Amino acid sequence: MRTVKKTSSKEVEREVSNLTNRLQELRMKHGETQRKMADVMGIKTTGAYCKKELGYIPVSLEEAYAAATHWGVTIEEIFFADKVS
């Protein structure tokens, strides 16, 4: 029988925090507003983008690709790398 490791809410919170910090970090590094990134990613409202940046709503693959292409980085660099350089 296969066992499934339970993930604590703290572990999930830490992972979401890492993901959201990179979106915000890159946006701020490039001097862009949430409105600009919402437009780039095809998101209708700034509020919806903000919720994605904070991790309340997941980012779709299409949105991730749009952001990565815009910034000239890979999706992995935004969402999975330890540090963005």
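Counting restarts for each chain, with residues numbered from 1 along the sequence as it is written. In view of the model being predicted, local features appear only for residues whose pLDDT reaches at least 70, and side-chain atom pairs are presented and counted only at 80 or more, with totals across whole chains, interfaces and linings using the full set of residues. Side-chain numbers here rest on the full set of heavy atoms in the structure, without hydrogens or water.

Focus on the overall build of the protein
Scanning the protein from N- to C-terminus turns up five helices and zero strands. Helix numbering and strand numbering both begin at the N terminus, where a helix is a DSSP run of H or I of at least 4 residues and a strand a DSSP run of E of at least 2. The secondary structure elements of the protein, listed N-terminal to C-terminal, are α-α-α-α-α. The buried label applies to any residue whose accessible area, calculated with a 1.4 Å probe on protein chains only, is under 20% of its type's maximum; exposed applies above 50%, and partly exposed to all values in between. Taking all 85 residues of the protein together, 26% fall into the buried category. Whether two residues are in contact is decided by their heavy atoms, any of which lying within 4.5 Å being enough. A separation of at least 24 residues holds for 52% of the contacts in the protein among residues at least 6 apart in sequence. Here the protein displays about 6,100 Å² of accessible surface, and carbon together with sulfur accounts for 56% of that area. Computed with the Shrake-Rupley method and a 1.4 Å probe, the accessible areas treat only the protein chains shown as cover for residues.

Looking at helix H4 (residues 61-71)
Listed as buried for H4 are Glu63, Ala64, Ala67, Ala68 and Trp71. Angularly, the buried residues of H4 cover 130 degrees about the axis, an arc narrow enough to put them on a single face. Structural note: H4 exposes Leu61, Glu62 and Tyr65 on the side pointing more than 90 degrees away from its buried face. Phi turns positive one or two residues past the end of H4, at Gly72, with a value near 70 degrees. What the arc measures is the spread of directions leading from the helix axis to the C-beta atoms.

Some thoughts on the pattern of salt bridges
Each salt bridge in this description consists of a side-chain nitrogen of Lys or Arg and a carboxyl oxygen of Asp or Glu lying within 4 Å of one another. Under the defined criterion, the tally for this structure stands at three salt bridges. A salt bridge links Asp39 to Arg35; the shortest N-O distance between them is 2.7 Å. Of this pair, Asp39 and Arg35 both sit in helix H2 (residues 34-41), four residues apart, which is roughly one turn of that helix. Between Lys52 and Glu63 there is a salt bridge, with its nearest N and O atoms 3.0 Å apart. With Lys52 in helix H3 (residues 46-53) and Glu63 in helix H4, this pair connects stretches of sequence that are eleven residues apart. Summarising the burial analysis for this pair, Lys52 and Glu63 share the class buried.

Considering the packing of H2 against H4
Two elements in contact, H2 and H4, have axes separated by 8 Å at closest approach and are oriented at 115 degrees. The angle between H2 and H4 places the two elements in the roughly perpendicular class. For the pair H2 and H4, the crossing hand works out as right-handed. The segment H2 lies against H4, with Lys36, Met37, Val40 and Met41 engaging Glu63, Ala66, Ala67, His70 and Trp71. When the residues that make up the contact of H2 with H4 are grouped by side-chain class, the tally is six nonpolar, one polar and two charged. Orientation is described by axes fitted as lines to C-alpha atoms, over the contacting stretch for helices, and by angles from 0 to 180 degrees between their N-to-C directions. Any angle between 65 and 115 degrees counts as roughly perpendicular, while under 35 counts as roughly parallel, over 145 as roughly antiparallel, and the rest as oblique. Whether a crossing is left-handed or right-handed is set by the direction in which the near helix is turned from the far one by less than a right angle, anticlockwise for left-handed and clockwise for right-handed. Basically, the charged four are Asp, Glu, Lys and Arg, the nonpolar ten are Ala, Val, Leu, Ile, Met, Phe, Trp, Tyr, Cys and Pro, and anything else, Gly included, counts as polar.

A look at the nonpolar core
By convention a nonpolar core is built from buried Ala, Val, Leu, Ile, Met, Phe, Trp, Tyr and Cys residues, the set being connected through side-chain atoms within 4.5 Å. Leu23, Met37, Met41, Tyr49, Ala67, Trp71 and Ile78 are the most contacted members of the largest nonpolar core, which totals 14 residues. At the level of elements, helix H1 (9-29), H2, H4 and helix H5 (75-79) are the ones that each hand at least two residues to this core. The element that contributes the greatest number of residues to this core is H4, accounting for four residues. Apart from residues lying up to four places away in sequence, Met41 is in contact with Tyr49, Val59, Glu63, Ala66 and Ala67.

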